[in-house]
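Spelled out from the first residue to the last, the chains are:
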Amino acid sequence: MADRKLQLTLNGQPVVTEVVPDDLAMLDYLHEYQNLTGSRLGCGQGICHACVVIVDNPDGTSEEVRTCITGAHYFEGKKVRTIEGHAKLDEAGNPVELNPIQQKFVDKFAFQCSYCAPGFVNAATVLVERAQRKPLKKSELEHAIEASLGHHVCRCTGYVRYYEATRDVLGDLGLVKEG
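Residues numbered from 1 in each chain as written. Predicted model: local features only at pLDDT ≥ 70, side-chain atom pairs only at ≥ 80, totals over all residues. Heavy atoms only, no water.

Regarding the pairing of strand 1 (residues 3-10)
Where strand 1 lies against strand 2 (residues 13-21), 7 bridges are found, and the strand directions are antiparallel. Looking at strand 2, one finds that Leu6 is bridged to Thr17. Hairpin connection from strand 1 to strand 2: 2 residues lie between these consecutive antiparallel strands, with Asn11 at a positive phi of about 55 degrees. By the bridge criterion, 2 bridges tie strand 1 to strand 5 (residues 79-81) in an arrangement that is parallel. From the neighbouring strand, Leu10 faces strand 5, where its bridge partner is Val80. (Pairing = 2+ DSSP bridges. Helix = DSSP H or I, 4+ residues; strand = E, 2+ residues; numbered from the N terminus.)

So this is what it looks like as structure tokens:
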């Protein structure tokens, strides 16, 4: 295996790492090279989605990508957001305000152990951003939430509060229309 340079935009900041092994998983890169430990190793097989990050595509769309089964070099040149990139920070880098999804998850106590919470926040973020481009019809809301969050595994909450919080954020932001 060879080592190569990796360049990407991570939480809005350009990052260049000179030596990254070809076979290194993105989750390990985030943890070991960037000290970003919010994305979690759950199953290690891409099933539970605790490890997802958001990739911002050039066309303005975003998508979840599982980092436990995706190599770091897949992200070459891409714009990546981790759970650490959602809150507003002060000059010292300390969180001062959660984004609406994070805040609603806290308000609804959508998590217990919170191990899976980063993946759920990222999934809900992708859904909200999609709805900002094209608002959801009320008749399609539950299906859209299930399609976005349903593949995430949580062993504590039974999902009800994650779904409620996501539904509330979409409603609070005016992203659900009649129909």
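Some thoughts on the sheet that holds strand 3 (residues 52-56)
Taken in spatial order, the 5 strands line up as 2-1-5-3-4 in an open sheet, and their pairing is mixed. Two strands close off the open sheet at either side, each with one partner strand: strand 2 and strand 4 (62-66). Sheet twist, expressed as the mean angle between neighbouring strand axes with direction ignored, is 40 degrees. The strands touched by helix 1 (residues 26-34) are strand 1, strand 2, strand 3 and strand 5; relative to strand 2, the strand with the most contacts, the crossing angle is about 105 degrees. (Axes fitted to C-alpha atoms, helices over the stretch in contact; angles between N-to-C directions. Contact = heavy atoms within 4.5 Å.)

Here we look at the pattern of salt bridges
Inspection of every chain in the model, using the stated rule, returns 7 salt bridges. The closest approach of N and O atoms between Lys104 and Asp172, which form a salt bridge, is 3.0 Å. Within this pair, whereas Lys104 is found in helix 2 (residues 100-107), its partner Asp172 is found in helix 5 (residues 160-172), the two being separated by 68 residues in sequence. Exposure remark for Lys104: the relative accessible area of 17% places this residue in the buried category. Among the residues examined, Asp172 registers a relative accessible area of 54% and is labelled exposed. Salt bridges sharing common partners tie together Asp56, Arg81 and Glu129. (Salt bridge = Lys/Arg side-chain N within 4 Å of Asp/Glu carboxyl O. Buried < 20%, exposed > 50% of the residue type's maximum accessible area, 1.4 Å probe, protein only.)

Digging into unusual backbone geometry
Both trends apply: most residues other than glycine have a negative phi, and most peptide bonds are in trans. Its identity is not glycine, yet Asn35 carries a phi of approximately 55 degrees, on the positive side. Note that Asn35 resides in the loop between helix 1 and strand 3.

Details of the environment of Ala144
Here Ala144 is to be found in helix 4 (residues 141-149). For the pair Ala144 and Leu127, spaced 17 residues apart in sequence, the C-alpha separation works out to 7.8 Å. If we skip the residues at most four places from it in the chain, Ala144 touches Leu127 and Leu136.

Let's talk about the environment of Phe109
Here Phe109 shows up in the loop between helix 2 and helix 3 (117-133). Separated by 48 residues in the primary sequence, Phe109 and Thr157 have C-alpha atoms spaced 9.4 Å apart.

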